[in-house]
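# Geometric and topological summary
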Amino acid sequence: MQRKISRRAIVKSGLIAGTFIPAIGLIAESAAAAALAPLDPKDPTAQALSFVTDAAKVDAKANPTFKPTQKCSTCAQYQGKATDATAGCNIFAGKSVPAGGWCKVWAQKPGA
Ligand code: SF4
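Residues numbered from 1 in each chain as written. Predicted model: local features only at pLDDT ≥ 70, side-chain atom pairs only at ≥ 80, totals over all residues. Heavy atoms only, no water.

### Points about the pattern of salt bridges
What counts here: Salt bridge, as used here, is a side-chain nitrogen of Lys or Arg placed within 4 Å of a carboxyl oxygen of Asp or Glu. Summary of the burial criterion: residues with accessible area below 20% of their type's maximum are buried, those above 50% are exposed, and those between are partly exposed, where the area comes from a 1.4 Å probe applied to protein chains only.
Enumeration over the complete set of coordinates arrives at one salt bridge. Asp84 is the partner of Lys81 in a salt bridge, and the nearest nitrogen-oxygen pair spans 3.9 Å. Residue class for Lys81 comes out partly exposed when judged on its relative accessible area of 46%. In this structure Asp84 comes out as partly exposed when scored by relative accessible area, which is 23%.

Written out as C-alpha cells, the structure is:
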C-alpha cells in the first residue's frame, strides 16, 4: 500500500517544524543558563575582583570607579540578554552571575 503525501501536507508540516525548531532552541538556551552554578562571592577570583551579587552593596570607597548604573546585565562580559535574571559571564567560566551583580571588570556593553 502506497500512501500519497499531498503538497499541502508537506507545506503544513514544514510550517509546524518552522514554528517549533526556534522554540526548542530557546528552551535549550535557557536550560543551559539554568545549568550553570551561581558564582559564589567567596570564590577567590570573585573576591579578587570584588564581585557582589547586588550592585547596591558595592563598597564605593574601595571601588571608586563604580557607578550605581553599573551591573552585570549592562556589562560587555554578560552572556545573557539584559532581561535575563542570571546568565554566564566571560570572566567566570561555567558560572552564572545575577543581572544585578557587579565586579571590578565591569565594562559597558555596546548598545546597553
Ligand atoms: S565581568 Fe561583568 S558580567 Fe561578569 S561578574 Fe563582572 S560585572 Fe558581572
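Still more to cover.
### A few points about the sheet that holds strand E1 (residues 37-38)
We count it as follows: We call two strands paired when DSSP finds no fewer than two bridges between them. Each helix is a run of H or I in the DSSP string that is no shorter than four residues. Each strand is a run of E no shorter than two, and both are numbered from the N terminus.
Across the sheet, which stays open at both edges, the three strands sit in the order E1-E3-E2 with mixed pairing between neighbours. Strands at the two margins of the open sheet, each flanked by one partner only, are E1 and strand E2 (86-88). Judged from the three bridges that link them, E2 and strand E3 (residues 95-98) form a sheet pairing that is antiparallel. Opposite Gly88, over in E3, you have Ser96 as the bridge partner.

### Focus on the environment of Cys89
As a reminder, the rule being used: Only heavy atoms enter the contact rule, under which two residues are in contact if any of them lie within 4.5 Å.
Its location among the elements puts Cys89 in the loop between E2 and E3. Separated by 50 residues in sequence, Cys89 and Leu39 have C-alpha atoms that sit 9.5 Å apart. The residues touching Cys89, leaving out its near neighbours within four places in the chain, are Gln77, Gln79, Lys95 and Val97.

### Quick notes on the site of the ligand
The condition is simple: Being near a molecule or strand, for a residue, comes down to having at least one heavy atom within 4 Å of it. Under the grouping applied here, Gly and all other residues not named as nonpolar or charged are polar, the nonpolar ones being Ala, Val, Leu, Ile, Met, Phe, Trp, Tyr, Cys and Pro and the charged ones Asp, Glu, Lys and Arg.
As a matter of local geometry, the ligand sits amid Phe51, Cys72, Cys75, Gln77, Tyr78, Cys89, Ile91, Phe92, Val97, Trp102, Cys103 and Trp106. Residues that form the shell around the ligand fall into these classes: eleven nonpolar, one polar and no charged.

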